[in-house]
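Architecture and fold: a report
Read off the chains here:
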Amino acid sequence: MKKSIIPILIVISVALIVYGYLAAQSSQEYMMPDRSYGKLGEMPIEGDPLYITIAPGLQFKIDTGCDLTTISEHDLALLDSLGYKAKKSFHFVLGRNIMGDIMMRTTRYTVDLPLYLYDTAVDSIGRVVNTPIASSLNVLHNVDFVPSRTSTSVIGIDFLEKFKVEYEYDSGLVALYLDDPEDYEPVADLYMSNSPVDAIWLGHRYYIDASVEDRSHGFFIDTGIRNVNLKLPVGELKYAGKKLLNDTVASFRGNYPATVDRNAWVAMGNRIGRGNAYYYDNDEEPYALNPFYLFDQDVVLDFPGKALKLRPYIHSANKKRKSADYIAENQL
């Protein structure tokens, strides 16, 4: 009996050591901007799935469902050509990629990123045009990346959770802050998964409580969902309204038939109203939402403060407002 117990204890001890090692791994611990107050920088957001442009030619998928921030060889070379040279080091990490699959990496690149404020205008056919303002350059030092095995670079939750992330609805920009953006009020709390399994991944998984048709659920915050406001499993369809549409939802994992309620009754924190609910099943989170599609107004995902924030009013900004005065205002 004693002989059989000893190997079991050894296996358990090794498993606990490995678990502790993985749970202790961290990322983005040494990021530091040149200018740390106010708005650190803005990035145009567009596409399906959603991509942000950090600098001209430098695009990253923005995905809170991806644990790791990754970079392609092309984007490493582009940063190098701009004078931002990467440091390569050994670092073992585990995390989910944009496919939701487990990814193991032993290489880390640490490199600086340029951030800009943007001049926003509307062209002759009504499109919003964002142009970086060279004099607004801010540099975010010591950003950690793991190598991408595809041509896609990704800004993941390990990066985003270090900031208060603002979505500027009118101008189609995402902005980063370390302090609180002005004129926002907390609407609902964010909370992290407390699953022991999730503790071993590099990033955290954030949720928000909301109700659809008076049924409450914890919705995973997933900015990687394509063109979907709220995702629910097919089993919830029996509670949906009567005017439903058929659609197809595309993702990196495949295409899925969906049923859509364009008039779903949605409540979140102290806000309530009608919204689009998509009912479909796949092997990802059964309940999820994409705040960049859900709200037709400015919104802040305050990851450090664990809160979703909205303005107490809908703010429609003048798209031609940005100038040298705007830069000075945001650097005070």
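Described in the following lines is the structure provided in the data block. In this text, all values refer to a predicted model and were calculated from it rather than measured experimentally. (Residues numbered from 1 in each chain as written. Predicted model: local features only at pLDDT ≥ 70, side-chain atom pairs only at ≥ 80, totals over all residues. Heavy atoms only, no water.)

Observations concerning the overall build of the protein chain
Heads up, the condition is: Helix and strand definitions follow DSSP, with helices as H or I runs of at least four residues and strands as E runs of at least two, each counted in order from the N terminus. Note on exposure labels: buried denotes an accessible area under 20% of the residue type's maximum, exposed denotes more than 50%, and partly exposed covers the range between, all computed with a 1.4 Å probe on protein chains only. A contact between two residues is defined here by any heavy atoms of the two lying within 4.5 Å. What sets the accessible areas is the Shrake-Rupley method with a 1.4 Å probe; for residues, cover comes only from the shown protein chains.
A count of helices and strands for the protein chain gives five helices and 23 strands. In the protein chain, which comprises 332 residues, the proportion classed as buried is 52%. Restricting the contact set of the protein chain to residue pairs at least 6 apart, pairs at least 24 apart contribute 68%. Carbon and sulfur atoms make up 55% of the accessible area of the protein chain, which totals about 16100 Å².

Here's the deal with the pairing of strand β2 (residues 39-46)
Within a regular strand, the side chains alternate between the two sheet faces. Condition: For two strands to be treated as a pair, DSSP must find no fewer than two bridges joining them.
The buried fraction of β2 amounts to seven of the eight residues, a majority that puts the element mostly inside the structure. By the bridge criterion, five bridges tie β2 to strand β13 (residues 173-177) in an arrangement that is antiparallel. Within the sheet, the bridge partner assigned to Lys39 lies in β13 and is Tyr177. Examined bridge by bridge, β2 and strand β3 (residues 51-55) share two bridges and lie antiparallel to one another. Paired with Ile45 across the bridge in β3 is Ile52. Taking the residues that link successive antiparallel strands as the turn, the β2-β3 hairpin has four residues, and the phi of Gly47 there is positive, at about 100°.

Some thoughts on the pattern of salt bridges
Put simply, the rule is: A carboxyl oxygen of Asp or Glu within 4 Å of a side-chain nitrogen of Lys or Arg is what we treat as a salt bridge.
Overall, the coordinates contain 15 salt bridges when judged by the stated rule. When the shortest N-O distance is used, the salt bridge between Arg311 and Glu166 registers 3.6 Å. Of this pair, Arg311 sits in the loop between β23 (307-310) and α5 (324-331) while Glu166 sits in strand β12 (residues 164-168), and the two are 145 residues apart along the sequence. For Glu166, a relative accessible area of 4% translates into the label buried. Residue Arg311 pairs with Asp298 through a salt bridge whose shortest N-O separation is 3.2 Å. Here Arg311 is found in the loop between β23 and α5, whereas its partner Asp298 is found in the loop between α4 (291-294) and β22 (299-302), with 13 residues between them in sequence.

Digging into the environment of Phe220
One can find Phe220 in strand β16 (residues 215-221). In this structure the C-alpha to C-alpha distance between Phe220 and Tyr287, which are 67 residues apart in sequence, comes to 6.2 Å. In this view, Phe220 contacts Thr64, Gly65, Arg205, Tyr206, Tyr207, Glu285, Tyr287, Ala288 and Leu289; residues no more than four positions away in its chain are not counted.

With respect to unusual backbone geometry
Backbone torsion omega between Asp48 and Pro49 reads 5°, so that peptide bond is classified as cis. Structurally, the position occupied by Pro49 is in the loop between β2 and β3. Positive phi, close to 70°, is recorded for Asp183, a residue that is not glycine. Here the phi dihedral of Lys306 falls at roughly 50°; this positive angle occurs in a residue that is not glycine. Assessed through its relative accessible area of 31%, Lys306 is described here as partly exposed.

What is shown is where atoms sit, not what they do.
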